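A closer look at the structure
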Amino acid sequence: MDPSYARLREKGKSSKVGGTRRRRFSLLKAFPRWTALTLSILCLLPLSAFAKVYIDIDSPGSRRLPLAVLTLKAAPGGSPCPDRQVEEVIEKVLLNDLDVSGYFRTLAPDVFLVERDQVKFYPAKIDYRAWSLIGAEALILLRTTCKGGQIETEAQLLDVLTGKLLTWKRYKSESAGARRVAHRFANEVTKELTGVPGAFDTRIAYISNATGSKELYVMDYDGNGPRKLTALHSICLSPAWSPDGRKIVFTSFWKRNPALYLLDLRGASALKQMFPGFSPLCSGGAWSADGKWLAFSASLDGNTELFRVPAGDGTRPQRLTKNWAIDVSPSWSPDGKHMVFVSDRAGRPDLYILQPDNGKIMRLTFEGSYNAGPAWSPRGDAIAYVSRVGGAFQIFRIRSDGTDRRQLTEGAGDHLKPSWSPDGRLIVFSSNREGSSDLYLMRADGTGVRRLTWGPGDETDPAWSPARR
Amino acid sequence: MLSLRGSIILSACLHAALFLALLLLSGTGRARVVYKPQYHVRLVRPQEIAAPAKARKKKVARRSPRPAVRRPKPKPKPKKVVLPKKKTAPKKKKTEKPLPKKTHPKKAVKKKAAKKPKPAPPPVKKPPEPAPDEVLAEALARIKKKAGSRKKEAAGAPGEASSAWEKKQKEIEYKAYYDQVERAVRENWIPPQDMNFEEAPAMTVVSLTLLPDGRVLKSYIEESSGNPQFDQSVMRAILKSTPFPPPPIGLKKRYFELGLRFHSTPQAP
């Protein structure tokens with residue numbers, strides 16, 4: 001007999017025998033089958049009903065945020081300013097700051113759909129549609145009230161799309177301080193919209209020969225209000241700010257030999273020569289970001305080397321390099337652990353990175369026939385420097401590991417002495433591209449170049465101040 | 001015996017419970033389907049092409065004789081001719097319902113119904129004027145014939161292949177929609193500049209619930225980048241993109257869920 005047939009028969013028999021029982025348990029037997037079926041159906045359900053599709057959206061790259069600035073009339077209680085001059089200055093300065101940053105596109109007032117008199121200063125009473133229709137994503141409302149010689153400025157930054165009040169500031173100042181009010185609010189706006197405050201409330205120290213001799217000057221970062229600080233009738237060079245922004249150290253040939261001089265901006269003490277008698281030849285001071293050290297180059301035995309000195313007592317400079325070559329132009333990394341400087345130890349001027357604590361030295365630049373004037377970005381991510389390209393000096397940037405070397409400036413003329421803004425977003429440099437040497441500003445990627453000085457003399461050696469606290 | 005059965009049942013129950021638990025958990029965890037914009041080229045077998053092509057040919061073939069039949073319609077009674085057609089439109093549906101595949105013919109019917117008014121009978125002055133009931137009868141016969149031919153066509157088409165084709169078609173439709181959304185949102189997005197994204201890439205995941213007309217019913221940040229400015233820019237992009245292109249969902253669904261993942265730095269493909 002076929003075994004399978006036998007099995008079949010067996011099965012049939014048993015089913016016949018247990019007929020009654022089978023009926024009793026048929027439901028129970030069927031139960032798991034049904035549950036399995038329903039479960040499998042249910043199991044398929046989430047795939048169809050719950051599966052959510054995720055779309056990947058990559059950043060469209062750098063785009064400027066459209067922003068509208070509107071100055072409202074004075075507050076109901078306060079007296080309006082005699083003329084609109086102060087209001088206009090604040091608005092103009094703010095617009096310029098926002099434009100310099102490169103992050104914002106300010107909308108022209110002639111596209112606004114509402115009159116300035118119709119707009120209330122309260123976020124809840126603003127018709128946001130009127131602003132989103134013209135493409136604005138953010139709205140700045142300004143309101144200035146004059147009280148005697150004092151001005152009180154209120155400023156709001158609003159998110160047009162969500163109707164959220166992002167920041168609301170009130171500034172009180174002399175009417176002469178209107179520009180600073182605008183700079184400070186520009187810092188605030190930048191902070192709200194990019195996460196990092198701007199550095200618009202800063203100054204630039206520089207050297208100018210407008211009076212016939214090279215003297216030290218200081219002006220606002222946007223070129224406003226230049227002020228002469230020295231009258232040495234000599235040659236001043238290479239100013240550098242202390243991290244608290246109160247002192248400037250610079251090199252001068254005032255007493256025939258180049259020496260470092262310290263100028264206290266509060267005017268309490270007169271000009272002071274640093275470590276007199278230490279070396280006949282000192283130059284190029286640079287403060288570390290924490291203010292603990294001042295680095296400079298000096299020559300003791302006819303060869304220029306790097307030194308550093310504790311900023312508190314400038315008595316015993318500590319030697320950092322020992323080499324037959326010339327080592328100059330130190331610039332600290334923001335963490336104070338490294339220093340970039342120029343040396344011709346490989347036969348031509350190149351950048352090197354030194355660790356002052358252990359004396360380790362690493363060569364940074366290999367390209368270009370003449371590399372000099374390094375400035376370490378306050379963000380730490382890049383070093384700006386000058387390199388010769390076909391007979392003219394251009395400004396480059398490079399990472400501290402030697403990668404990502406990029407040329408930032410181009411065109412005729414020399415571009416020299418780059419100096420970073422304290423937020424690391426802008427670079428000021430001097431250039432003679434338009435004949436006489438003047439100061440120019442650009443963004444850290446080389447875009448947005450604008451001229452800062454328009455005087456008759458030569459302006460050189462810019463040094464950007466630290467952020468004001 | 002009983003205890004054995006009992007244990008079997010118990011085990012079945014336990015399994016079922018486990019299954020259910022798993023099911024619920026998977027429901028909350030939400031299966032993630034990641035969609036990346038890409039271009040698709042559909043490779044098809046000749047039979048697959050043949051099936052839709054046949055359908056197309058037949059449609060064309062049917063369309064051409066129609067005006068010929070209509071032309072002799074009486075000029076003074078165009079309304080009467082049009083009316084029965086409208087009435088019969090639902091009839092057609094009825095006749096087709098028992099067909100093996102449901103959605104496809106329905107769509108076809110819809111399209112046809114929409115198209116019908118288009119080739120409206122141009123007022124032709126031709127003498128033979130049949131009686132109104134004759135016209136009606138003729139129209140009915142024509143429709144019946146049409147329905148019959150469609151039945152044949154549907155039966156003749158290889159069911160499996162056509163449903164797969166349909167599925168593909170749907171997939172393509174959805175992908176096109178995702179592309180559309182991706183483009184629209186990207187266009188409106190102004191990510192904050194000057195953040196160190198190269199070293200610390202940011203990603204924000206936004207969950208959207210769209211209504212059939214593309215309006216946003218609900219939107220929330222499912223996964224924050226931890227960077228408030230970046231998240232804000234993302235929400236601004238969503239607000240600017242509203243209303244979204246209407247999702248390709250049928251009439252049955254009331255809303256459509258979608259996730260958007262905003263990347264500060266381009267993703268490796």
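Predicted model only: the values in this text are computed from it and were never measured.

1. With respect to the overall build of chain B
- Looking only at helices and strands, one finds 8 helices and 4 strands in chain B.
- If you list the helices and strands of chain B from N to C, you get α-β-α-α-α-α-α-α-β-β-α-β.
- Expressed as a percentage of the 269 residues in chain B, the buried residues total 16%.
- In chain B, once contacts between residues fewer than 6 apart in sequence are set aside, the share between residues at least 24 apart is 81%.

2. Looking at the overall build of chain A
- From N to C terminus, chain A includes 5 helices and 30 strands.
- Looking at chain A as a whole, 42% of its 469 residues are labelled buried.
- Taking the intrachain contacts of chain A between residues at least 6 apart in sequence as the baseline, contacts between residues at least 24 apart amount to 45%.

3. Quick word on the sheet that holds strand β20 (residues 350-355) of chain A
All names here are of chain A.
- Spatially, the 4 strands line up as an open sheet ordered β18-β19-β20-β21, and their pairing is antiparallel. Both outer strands of the open sheet, β18 (327-332) and β21 (360-363), are each paired with one neighbouring strand and no more. Geometrically, the sheet is characterised by an average inter-axis angle of 30° between neighbouring strands, direction not taken into account.
- With 4 bridges joining them, β18 and strand β19 (residues 339-343) adopt antiparallel strand pairing. Residue S331 lies in a different strand from β19, and its bridge partner there is V340.

4. Some words on the packing of helix α3 (residues 85-101) of chain A against helix α5 (residues 178-194) of chain A
Residues and elements named next belong to chain A.
- Their axes nearest at 8 Å, the elements α3 and α5 cross at an angle of 40°. Looking at the two axes, α3 sits oblique to α5. For the element pair α3 and α5, the recorded crossing hand is right-handed. Here V86, V89, I90, V93, L94, D97, L98 and S101 of α3 lie close against α5, whose contacting residues are A178, R179, V181, A182, H183, F185, A186, V189 and T190.
- Classifying every residue of the contact of α3 with α5 by side-chain character gives 12 nonpolar, 3 polar and 2 charged.

5. Quick word on the nonpolar core
All names here are of chain A.
- The biggest cluster of nonpolar side chains holds 127 residues, and the ones touching the most others in it are L67, A138, L139, I140 and A205.
- The element that contributes the greatest number of residues to this core is α5, accounting for 7 residues.
- In this structure L139 touches A68, L70, W131, L158 and V160, once residues within four positions along its chain are discounted.

6. Focus: the pairing of strand β16 (residues 304-310) of chain A
All names here are of chain A.
- Counting buried positions along β16 gives 6 out of 7 residues, so the element sits mostly inside the fold.
- Linking strand β15 (residues 293-299) to β16, which pair antiparallel, is a turn of 4 residues; within it G302 sits at a positive phi near 90°.
- In this sheet, strand β17 (residues 318-319) lies alongside β16 in antiparallel orientation, the contact comprising 2 bridges. By the bridge assignment for β17, R308 is matched with Q318.

7. A word on the sheet that holds strand β2 (residues 65-72) of chain A
Residues and elements named next belong to chain A.
- Strands sit in the order β3-β2-β4-β5-β6 across an open sheet of 5 strands; the sheet is mixed. Two strands lie at the open edges of the sheet, namely β3 (104-106) and β6 (164-174), each paired on one side alone. Direction aside, neighbouring strands of the sheet carry axes that sit 25° apart on average.
- Where strand β5 (residues 150-159) lies against β6, 10 bridges are found, and the strand directions are antiparallel. Paired with L157 across the two strands is T167, which belongs to β6.

8. As for helix α8 (residues 228-241) of chain B
- For α8(B), built from 14 residues, the straight-helix expectation of 20 Å at 1.5 Å per residue is met to within 8% by its first-to-last C-alpha distance of 20 Å.
- For α8(B), the set of buried residues is Q229(B), F230(B), Q232(B), S233(B), V234(B), R236(B), A237(B), I238(B) and S241(B).

9. Re the environment of L408(A)
Residue and element names in this part refer to chain A.
- Within the secondary structure, L408 sits in the loop between β25 (406-407) and β26 (415-420).
- C-alpha of L408 to C-alpha of V386: the two residues are 22 residues apart in sequence and 9.9 Å apart in space.
- Apart from the residues lying within four places of it in its own chain, the contact partners of L408 are I395, F396, R397, M442 and G446.

10. Observations concerning α3(A)
Residue and element names in this part refer to chain A.
- The end-to-end C-alpha distance of α3, which contains 17 residues, comes to 24 Å, matching closely the 24 Å that a straight helix rising 1.5 Å per residue would cover.
- Regarding α3, the residues found buried are V86, E87, I90, E91, V93, L94, N96, D97, L98, V100 and S101.
- Its buried side turned inward, α3 meets β2, β3, β4 (138-147), β5, α5 and β28 (438-443).
- Phi for G102, located one or two positions after α3, is positive at around 85°.

11. Section: the confidence of the model for chain B
Residues and elements named next belong to chain B.
- Across chain B, the average pLDDT comes to 69, with 52% of residues at or above 70.
- Within chain B, the lowest mean pLDDT, 43, falls on helix α4 (residues 78-96), and the highest, 92, falls on strand β2 (residues 203-210).
- Residue range residues 53-122 is modelled with pLDDT below 50. Its contacts to residues more than four positions away, or to other chains, number 56 contacts.
- Considering only residues more than four positions removed or in separate chains, one finds that residues 152-158, a stretch of pLDDT under 50, has 11 contacts.
- Note on the complex model: pTM 0.70, ipTM 0.72.

12. Details of the confidence of the model for chain A
Residue and element names in this part refer to chain A.
- Summary statistics for chain A give a mean pLDDT of 85 and a share of 87% for residues scoring 70 or more.
- Here residues 1-23 scores under 50 on pLDDT; set against residues more than four positions off or in separate chains, the count is 2 contacts.
- Low pLDDT, under 50, characterises residues 46-50; the predicted model gives this stretch 7 contacts beyond four residues in sequence or across chains.

13. Regarding unusual backbone geometry
- The amide bond that connects T242(B) to the next residue, P243(B), takes the cis arrangement and shows omega of -5°.
- Residue position: P243(B) is located in the loop between α8 and β4 (256-263).
- Not every positive phi belongs to a glycine, and S329(A) is a case in point at roughly 50°.
- Counting through the fold element by element, S329(A) comes out in strand β18.
- Judged by the 25 C-beta atoms lying within 10 Å of it, S329(A) falls in the buried class.

What counts and how
- Residues numbered from 1 in each chain as written.
- Chains lettered and ligands numbered in written order.
- Predicted model: local features only at pLDDT ≥ 70, side-chain atom pairs only at ≥ 80, totals over all residues.
- Helix = DSSP H or I, 4+ residues; strand = E, 2+ residues; numbered from the N terminus.
- Buried ≥ 20, exposed ≤ 12 C-beta atoms within 10 Å, placed from the backbone.
- Contact = placed C-beta atoms within 7 Å.
- Pairing = 2+ DSSP bridges.
- Axes fitted to C-alpha atoms, helices over the stretch in contact; angles between N-to-C directions.
- Parallel < 35°, antiparallel > 145°, perpendicular 65-115°, else oblique.
- Left-handed = near helix turned anticlockwise from the far one by under 90°.
- Nonpolar A, V, L, I, M, F, W, Y, C, P; charged D, E, K, R; others polar.
- Core = buried A, V, L, I, M, F, W, Y, C linked by C-beta atoms within 7 Å.
- Expected span 1.5 Å × (residues − 1).
- pLDDT = per-residue confidence, 0-100.

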